[in-house]
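# Chains, contacts and geometry: an overview
Read off the chains here:
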Amino acid sequence: MDGASIGMRLSLPVMDLLLHLRYFRTVAEEQHFGRAAERLRVAQPSLSQRIQRLERELGVRLLDRGRTGATLTPAGHLVLAETHTLLDAADRLRTLVGRVQGGAAGTLRAAVPPQLGGATVAALLTAYRERSPGGTLDLRELTTAEQTAELTAGTLDAGIVRHPCPTTGLGFGPQLHQPLGALLADQDPLAQHTEIDMAELDGRELVLFPRHTAPALHDETLTACARHGCTPSAVREVAGIEFTRALVLSGTHVVALVPRPAPEPGTTWRPLRANPLTWRTSTAWPAGRDSPAVHLFTQAAHDVLRDHAAMTPTATPRRLFPRPASEFPL
């Protein structure tokens, strides 16, 4: 008798079949219906009925009943060997599904914004791996505009976005604040100051990230500049920090507004007095898809952005996620 011939006769639902096979294996191990029923915590008549149903389904007798117990028939020996394989596979599948539901396995599609910094991205990958040792983080670099579009479309599971950004159809983690400062050439007179007043940058050529990457944030930044006495003579839109540095080095009237970058010869970063400009950053995910894996990503991102990117939380931080991991069903 092979698996194919058995399978053709089965009418039991898969879950019922697995339960019947577990009962059969227990009787085979105990070689006694009474002891097996006690071990399974079921009534002995019910156990006998289940074994008889399994025998009818398979079309063979699995056990010889006697006064002293139950012994396997030749067909029972064959079925028992396959039973071990099937039940072990079912247990592995149940464990795997539980790990996926708990966020400890599977692939999470996520993204980070440009200029987050290589060290910060590396720390994020490490932090997620520590929280989800069996999971995979498929991480890309996407602008806030690209992320919100993909999150809404469902092609991205989670991301790190800068605010303000579209909110329809999205859920967000708590916001962190990252102050912007002035990146200047070393020979710039303002580079000698410990901090710079925003108005001291008035009339300069300003280097800023491209507007299409985060339109609302770009406009908010220029509005804040004007409100604090700085109207640039021109705005140069640049995506990468290396080209930004090159433009800053090209003349003493060029300044870039960026978070504190890694030190680099030739340029100096100075904080702005009273922190008039900040980037507000948070995690984001499609509304209603707050899975445990997204939860783990949110926790990892929050810790990494705070510890490695010098971002600070609001005065009264709220819970990191709508639901703790314990509330997700396994």
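Residues numbered from 1 in each chain as written. Predicted model: local features only at pLDDT ≥ 70, side-chain atom pairs only at ≥ 80, totals over all residues. Heavy atoms only, no water.

## Points about the confidence of the model for the protein
Confidence along the protein averages 85 in pLDDT terms, with 87% of residues attaining 70 or more. Counting interchain partners and residues more than four positions distant, the pLDDT-below-50 stretch residues 316-322 has 18 contacts. Under a pLDDT of 50 for its full length, residues 324-330 has, in the predicted model, 12 contacts with residues more than four places off or in other chains. (pLDDT = per-residue confidence, 0-100. Contact = heavy atoms within 4.5 Å.)

## Topic: the pairing of strand β2 (residues 69-72)
For a regular strand, the rule is simple: side chains alternate between the two faces of the sheet. Direction of pairing for strand β1 (residues 63-66) relative to β2: antiparallel, over a ladder of 4 bridges. Following the sheet pairing, Leu 63 is matched in β2 by Leu 72. Connecting β1 to the next strand, β2, in antiparallel fashion are 2 residues. (Pairing = 2+ DSSP bridges. Helix = DSSP H or I, 4+ residues; strand = E, 2+ residues; numbered from the N terminus.)

## Looking at the packing of aromatic side chains
The geometry of an aromatic ring pair comes down to the distance between the two centres and the angle between the two planes. A full pass over the atoms with the stated rule returns 1 aromatic pair. Taking 5.7 Å as the distance between ring centres and 75° as the angle between the ring planes, the aromatic pair formed by Phe 209 and Trp 279 counts as edge-to-face. Remark: Trp 279 occurs in strand β13 (residues 278-286) and Phe 209 occurs in the loop between β9 (205-208) and α8 (215-227); sequence separation between them is 70 residues. (Phe/Tyr/Trp six-rings, centres within 6.5 Å; stacked < 30°, edge-to-face > 60°.)

## Here we look at the packing of helix α6 (residues 118-131) against helix α10 (residues 292-308)
With their axes 9 Å apart at the nearest point, α6 and α10 run at an angle of 140° to one another. Here α6 is positioned oblique relative to α10, judged by the angle of their axes. Of the two possible hands of crossing, α6 and α10 adopt the one that is right-handed. Here α6 contributes Thr 120, Ala 123, Leu 124, Ala 127, Tyr 128 and Arg 131 to the contact with α10, which in turn contributes Ala 293, Leu 296, Phe 297, Gln 299, Ala 300, Ala 301, Asp 303, Val 304, Leu 305 and His 308. Among the residues making up the contact of α6 with α10, the classes are represented as 11 nonpolar, 3 polar and 2 charged. (Axes fitted to C-alpha atoms, helices over the stretch in contact; angles between N-to-C directions. Parallel < 35°, antiparallel > 145°, perpendicular 65-115°, else oblique. Left-handed = near helix turned anticlockwise from the far one by under 90°. Nonpolar A, V, L, I, M, F, W, Y, C, P; charged D, E, K, R; others polar.)

## Topic: helix α3 (residues 33-40)
Note: α-helices contain 3.6 residues per turn, so residues at a spacing of three or four share the same orientation. Of all the positions in α3, only Phe 33, Ala 36 and Ala 37 are classed as buried. The buried residues of α3 occupy an angular sector of 100° when projected down its axis, which confines them to one face. Looking at the residues trailing α3, positive phi occurs at Arg 41, about 60°. (Buried < 20%, exposed > 50% of the residue type's maximum accessible area, 1.4 Å probe, protein only. Arc of directions from axis to C-beta.)

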